[in-house]
Amino acid sequence: MISFSDVNKQYGKQVLLIDASFQLNPGEKVGLVGPNGAGKSTLFRMIVGEESPDDGVVSIPKKLTVGYFRQEVDEMKGRPVLDEAIAGSGRLGDLHHELAELEHAMCNPDTEDLEAVIERFGHVQEEYQHLGGYELEAKARVCLLGLGFEDDQIDGDVGALSGGWKMRVSMAKVLLGNFDVLLMDEPTNHLDIESILWLENYLKNVPATLLMTSHDKDFMNRIVTKVIEIDAGDIITYSGNYDFYVKEREIRETNLEAAYERQQAKLAKEQRFIDRFKAHAAKAAQVQSRVKALEKQDRIELPKKRQVVKWDFRVPPRSGDDVLMLNQVYKSFGEKKLYRGFDLHIRRGERWCIMGKNGAGKSTLLKMVVGAFPPDSGEVKLGASLRVGYFAQQALDLLDPDLTVLEQLQAAYPREGLAPLRTMLGVFQFSGDDVDKRIRSLSGGEKSRLVMAQMLFDPPNFLVLDEPTNHLDLATKEMLVTALKNYEGTMLFVSHDRTFLRGLANRVLELAVEEHETPLAFPGTYVEYVASTGHEAPGVHS
């Protein structure tokens, strides 16, 4: 179907692919993995024709249609969300809007050459019907609802949406396009857990071939049956899900290391023979023969080890036993009543995750806890001896754009030495020259990682975290979970990452699905919550 044969690709001195080959077969669900900068996005762009290989062949059937979801927001304004989603959905979207224009022209008494318009309408309508177009609007609504939109948003102006919501519209366009191949670059970014679960089910069942990147291990495990790894110029294919790939990669690395050691021992033995007898005329022929054999020998190269810097967090100061008390809290935004007489008591050492669909009030609760939003009535009371650390996207605005990454951490901890500050930055993927980047030039993801590094270098005893794992790769995410398991403070957090939820939450607050319902405070772990309720998120059944 799609094949790469002996493909080479290089940007300046950066070599991405060396004689790389792989094949995508019809209907396969494939995960694309590799470290940042390995060439995953370049591979996507070569498939859609935006890049060409330096050498080798990228073979794609001419009639194959490809939908590409990428981490870039299209320009969107001037029409309802529903129409925008339909408009971008490939051939069907084009036909949908041409039909609307033709219908308008047929109703307009000033239309010239009405006969030609009617004839064109017949052809367009026939193709539209053949491609399943008359179900398109209903499908678009289902898709947008699945991605977290409310009905009033679907019919509202797309231009009024934030960047994250426009990203969901971009995804809907790709999902609605009936493409033969779907390329999905980090599709779970900007989605809450309810939307992730819907997308998971959709992609599992869609007949299209799928190639995707994702930093969500559960998402990958449930969808992909094959993993393609791109690293150090090579592409290696593994048949299985993400967990299978991890195990097989470890076995492959162990075998390669053993083969490398055997080869090194053999090469050393040959070199000793050459060194010993190179001055002996009687052995000259043998020495020359062995020298030539050594020169021709294909050398085994060890795979690059992925360095994940481990960090033992400092012990935060001990707080009082009562960390947070909410008494009869009310909070509304216009007609939307989020909290009505809400009570919550959090004790030292508890780790509460907050579950709830979009608009249920998750971030609002965190903001009330840290004092960014006042309750309409009731009391939000923090306990004694508390030092609160609050992580949210807004915290990115507090960074100084004129400082470098390292200077930002030095400004926050002026008495610390360079070595521990650099180590902490390494934990959050700032290595080498990265620490000298100006903050103004960082991406949103890099700024998020810097804020997290600054907060956790000397951790407070009450962590309030809003989507802390966004923009972290799998290895860093798992490092953070492992480190926070030993954290001796208290946590209140919102996360859509099930690795994070399973690893850390020992209490679950499920916010009401409907306004008249009462939030559920579940007195156990996230794993126990899923087993007890039968769902991984409120209103979504497993």
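Remember, predicted model here, so these are calculated numbers, not experimental data.

### Quick notes on the sheet that holds strand S2 (residues 14-24)
- The strand order across the open sheet formed by three strands is S2-S1-S4, and the pairing between neighbours is antiparallel. Bordering the open sheet on either side are S2 and strand S4 (55-59), each of which pairs with just one other strand. Averaged over all pairs of adjacent strands, the angle between strand axes in this sheet comes to 25°, irrespective of strand direction.
- Across seven bridges, strand S1 (residues 2-11) lies against S2 in antiparallel orientation. Among the inter-strand pairings, Tyr11 is bridged to a residue of S2, identified as Gln14.

### Focus: the environment of Arg290
- Tracing the backbone shows Arg290 in helix H11 (residues 284-296).
- Between the alpha carbons of Arg290 and Leu409 there is a distance of 56 Å; along the sequence they are 119 residues apart.
- Apart from the residues lying within four places of it in its own chain, the contact partners of Arg290 are Glu270, Phe273 and Ile274.

### A few points about the environment of Arg299
- Mapped onto the elements, Arg299 comes out in the loop between H11 and strand S10 (322-333).
- Along the backbone, Arg299 and Trp198 are 101 residues apart, and their C-alpha atoms lie at a distance of 48 Å.
- Among residues more than four places away in sequence, those in contact with Arg299 are Gln263, Leu267 and Leu294.
- For Arg299, the side chain forms a polar contact with the main-chain oxygen of Leu294, separated by 3.1 Å.

### Overview of the packing of helix H13 (residues 405-412) against helix H15 (residues 444-457)
- Following both chains from N to C, one finds H13 and H15 inclined at 25°, their axes separated by 10 Å at the closest point. Of the possible angle classes, the one that applies to H13 and H15 is roughly parallel. Taken as a pair, H13 and H15 cross one another with a handedness that is right-handed. The residues of H15 that touch H13, namely those facing Val405, Gln408, Leu409 and Ala412, are Leu450, Ala453 and Gln454.

### Some remarks on the packing of aromatic side chains
- Scanning the model with the defined rule gives 13 aromatic pairs in all.
- Ring pairs connect the aromatic residues Tyr238, Tyr242 and Tyr245, which therefore count as one cluster.
- The ring of Phe430 carries the charged tip of Arg449 above its face, separated from the ring centre by 5.0 Å.

### Section: the sheet that holds strand S5 (residues 66-69)
- What the six strands build is an open sheet, ordered S5-S6-S7-S3-S8-S9; its pairing is mixed. Among the strands making up the open sheet, the edge pair consists of S5 and strand S9 (234-239). Strand-to-strand twist across the sheet, computed as the mean angle between neighbouring axes with direction ignored, equals 15°.
- For S5 and strand S6 (residues 181-185), the ladder comprises four bridges, and the chain directions are parallel. Residue pairing across strands places Gly67 opposite Leu182, the latter belonging to S6.

So, how was this worked out
- Throughout this description, residue numbers start from 1 for each chain and increase along the sequence as written.
- pLDDT decides what is reported in this predicted model: residues at 70 or higher carry local features, side-chain atom pairs at 80 or more are listed and counted, and totals for whole chains, interfaces and linings draw on all residues regardless.
- Derived side-chain values reflect all non-hydrogen atoms in the structure, with water molecules and hydrogen atoms excluded from consideration.
- Each pair of strands is called paired provided DSSP finds at least two bridges between the two strands.
- Note on conventions: DSSP H or I runs of at least 4 residues are helices, E runs of at least 2 residues are strands, and numbering of each starts at the N terminus.
- Every angle, taken between N-to-C directions, lies between 0 and 180 degrees, and every axis is a line fitted to C-alpha atoms, over only the stretch in contact when it is a helix.
- Should any heavy atoms of two residues lie within 4.5 Å, those residues are considered in contact.
- We call two N or O atoms a polar contact when they sit within 3.5 Å, provided that within protein one can donate a hydrogen and the other can accept it, with sequence-adjacent residues counted only if both atoms are side-chain atoms.
- Here the angle decides the label: under 35 degrees means roughly parallel, over 145 means roughly antiparallel, 65 to 115 means roughly perpendicular, and every other value means oblique.
- Note on convention: near helix rotated counterclockwise from far helix by under a right angle means a left-handed crossing. Clockwise means right-handed.
- Paired rings are identified among Phe, Tyr and Trp, the last through its six-membered ring, by centres lying within 6.5 Å, and are further divided according to the angle between planes into stacked (under 30 degrees), edge-to-face (over 60) and tilted (the rest).
- Should the NZ of a Lys or the CZ of an Arg lie within 6 Å of a ring centre and within 35 degrees of the ring normal, that charge is described as sitting over the ring.

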